[in-house]
Amino acid sequence: MHYTTLGRTNLNVSIAGLGGGGHSRLGLRLGRSLDDALTVAKAAFDQGVNVFDTAQSYGTEPVIAKLLDTVPRDQIVISTKAGIGWTGPINCTADEYARTIDDRLTQLNTDYIDIMYIHGLHPDLVDDAMQTIVPVMQKARDAGKVRFIGVTEMFEHDFKHQMLQRVLPHDCFDVVMLGFNILNQTARQTVLPMIQKQNVGTMCMFAIRQALSDQARFKQTIKQLIDEGRIDPAMINANNPLDFLIQTPMSGNGSEGEGTSGAGGHADIVDACYRFCRDEPGMDIVLTGTSNTAHLAANLQSINAPALPREHRQRLIDIFQKVDHLSGD
Ligand SMILES: NC(=O)c1ccc[n+]([C@@H]2O[C@H](COP(=O)([O-])OP(=O)(O)OC[C@H]3O[C@@H](n4cnc5c(N)ncnc54)[C@H](OP(=O)(O)O)[C@@H]3O)[C@@H](O)[C@H]2O)c1
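Residues numbered from 1 in each chain as written. Predicted model: local features only at pLDDT ≥ 70, side-chain atom pairs only at ≥ 80, totals over all residues. Heavy atoms only, no water.

## Observations concerning the sheet that holds strand β8 (residues 175-179)
With parallel pairing, eight strands are arranged side by side around a closed barrel as β3-β4-β5-β6-β7-β8-β9-β10. Adjacent strand axes in the sheet meet at a mean angle of 25 degrees, parallel and antiparallel pairs treated alike. The sheet contact formed by β8 and strand β9 (residues 201-205) spans five bridges and is parallel. Each bridged residue has a counterpart across the sheet, and for V175 the counterpart in β9 is G201. The strands touched by helix α10 (residues 269-278) within the sheet are β9 and β10 (285-288), with β10 carrying the most contacts at an inclination of about 150 degrees. Docked against the sheet, helix α11 (residues 293-304) engages β3 (16-19) and β10, running at close to 165 degrees with respect to β10. (Pairing = 2+ DSSP bridges. Helix = DSSP H or I, 4+ residues; strand = E, 2+ residues; numbered from the N terminus. Axes fitted to C-alpha atoms, helices over the stretch in contact; angles between N-to-C directions. Contact = heavy atoms within 4.5 Å.)

Here it is in structure tokens:
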């Protein structure tokens, strides 16, 4: 596992973080038990992951609490989140949000949270959040209940990062969680430059959503993007999109033909997706959520694999440069 510094927090973090949300919620959403979910979390820790992301709404905070029975508290970075309403007006008072933070400590069975996020902040609620919620978070940070504060976006609605574009000029968050993947790379122009300038820590979500991991969905999406004139059909094989990524190994930044996840060849599209996100300048941590320990091991290997060959990376940038209205969900 490779490690990096999470922006201005100076936390030493694994470049892969375990996501407790997404469609699997460590398996809880599929009806698996808390112990099954704990097996996934322990496997991540055993493979060097030290970042565990969860949220009030995921139901996976108790899994992280259980993990703390066997893992020393200072060995892991825990991020959790609580929302303030999606469409507005905000659905809680300052006192209620302060109690929500205390509830997170109880659910996680810990006396501090490394990163407390506002969950899925709507662009129209930025002013309310600044006035009402951020002071509460700062107070919790001053009291030592929270070490760092952050905000996550609702990427499946906020494709162009409008919320972050409004929030970043306030320069009050230590960490942000943002959507980025092969299909939607808009963060590169809209927010990552300011994020890097402010040395804000980042967690990348949506590296693989269903439009990327499900091959039939992916093909359908590509056909639609060609029909809409957003992808030049000359740049992609509509019947087998991204075939160039999984053809015979080609020379990259390392040696040729190292195997499926080596410098040249890619195991599959999922492998390429994680590696593409990991290599984006400004992305500190790539999150991966799963119910499946085999998927976990493969994804951690991808996130830690050598960079994609430069020609592959550039081709992916060129193909999807006009796509700014999808999240990959
Ligand atoms: N607004 C927000 O704050 C927000 C929104 C979304 C996500 N998040 C956070 O970010 C994390 C990452 O989210 P994400 O959107 O990137 O989704 P994700 O949670 O990483 O989910 C990925 C999905 O793909 C499947 N998958 C994983 N590895 C696979 C593989 N190798 N092959 C095929 N399928 C695979 C998983 O199903 P299996 O169980 O079958 O592996 C899972 O359902 C979340 O878990 C959550 O912690 C936050």
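Having seen the structure, we can now continue with the description.
## Here's the deal with the pairing of strand β6 (residues 113-121)
The buried count for β6 comes to nine of nine residues, which makes it a mostly enclosed element. With four bridges connecting them, strand β5 (residues 77-82) and β6 associate as parallel partners. Residue S79 lies in a different strand from β6, and its bridge partner there is I115. In this view, the connection linking β5 to its parallel neighbour β6 by way of helix α3 (residues 94-108) has right-handed handedness. Here β6 pairs with strand β7 (residues 146-153) via six bridges, running parallel. What sits directly across from I113, in β7, is V146. (Buried < 20%, exposed > 50% of the residue type's maximum accessible area, 1.4 Å probe, protein only. Right-handed = clockwise from strand over helix to strand, strands pointing away.)

## So, the site of the ligand
The environment of the ligand is formed by 27 residues, the closest being S24, D53, R209, T290 and S291. At 2.9 Å, a backbone N or O of E153 approaches a nitrogen atom of the ligand. Calculation on the ligand without its partners gives an accessible area of 890 Å², and the protein chains cover 87% of this total. Those elements that place two or more of their residues in the shell around the ligand are β7, β10 and α11. For the shell around the ligand, the class distribution of residues is eight nonpolar, 15 polar and four charged. (Near = heavy atom within 4 Å. Polar contact = N/O pair within 3.5 Å; in protein donor to acceptor, adjacent residues only side chain to side chain. Areas by Shrake-Rupley, 256 points an atom, 1.4 Å probe, with all protein chains shown as cover. Nonpolar A, V, L, I, M, F, W, Y, C, P; charged D, E, K, R; others polar.)

## Focus on α10
The buried fraction of α10 is high, at ten of ten residues. Buried within α10 are the following residues: I269, V270, D271, A272, C273, Y274, R275, F276, C277 and R278. Of the residues that open α10, the one with a side-chain oxygen 3.1 Å from the backbone nitrogen of V270 is D268.

## Re the nonpolar core
Core analysis: the biggest nonpolar cluster contains 90 residues, and Y97, I118, L121, F173 and F320 have the highest contact counts within it. Element by element, the count of residues in this core is highest for helix α4 (residues 126-142), at eight residues. The residues touching F173, leaving out its near neighbours within four places in the chain, are R8, I118, M130, V134, M137, I149, G150, V151, V167 and V200. Counting 16 residues, the second largest nonpolar core, distinct from the first, contains V13, V77, Y117 and I285. (Core = buried A, V, L, I, M, F, W, Y, C linked by side-chain atoms within 4.5 Å.)

## Quick notes on the packing of aromatic side chains
Two descriptors summarise a pair of aromatic rings, namely the distance from one centre to the other and the angle between the planes of the rings. Tallied over the full model, the rule gives two aromatic pairs. Between F155 and F206, the ring centres sit 5.2 Å apart and the planes meet at 85 degrees, which makes this aromatic pair edge-to-face. Taken together, the positions of F155 in the loop between β7 and α5 (162-167) and F206 in the loop between β9 and α8 (210-213) put the pair 51 residues apart, joining distant regions of the chain. In this structure F155 comes out as buried when scored by relative accessible area, which is 0%. Their ring planes at 0 degrees and their centres at 5.9 Å tell us that F180 and F276 sit as a pair that is stacked. (Phe/Tyr/Trp six-rings, centres within 6.5 Å; stacked < 30°, edge-to-face > 60°.)

## What about the side chain of D284?
One can find D284 in the loop between α10 and β10. Beyond its immediate sequence surroundings of up to four residues, D284 is in contact with T4, T5, L6, G7, I15, V200, G201 and T202.

## Quick notes on the environment of F206
Residue classification places F206 among the buried residues on the basis of a relative accessible area of 7%. Sequence-wise, F206 and M116 are 90 residues apart; in three dimensions their C-alpha atoms are separated by 20 Å. Those residues in contact with F206 that sit more than four places away from it in its chain are F155, E156, G179, F180, N181, L212, S327 and D329.

## Focus on the state of the cysteines
Overall, the coordinates contain zero disulfides when judged by the stated rule. For the unlinked cysteine C92, the closest cysteine sulfur is that of C172, found at 16 Å. (Disulfide = S-S within 2.5 Å.)

## Section: the side chain of D271
For D271, the position within the fold is in helix α10. Assessed through its relative accessible area of 1%, D271 is described here as buried. In terms of polar contacts, D271 uses its side chain to reach the side chain of S302, at 2.5 Å.

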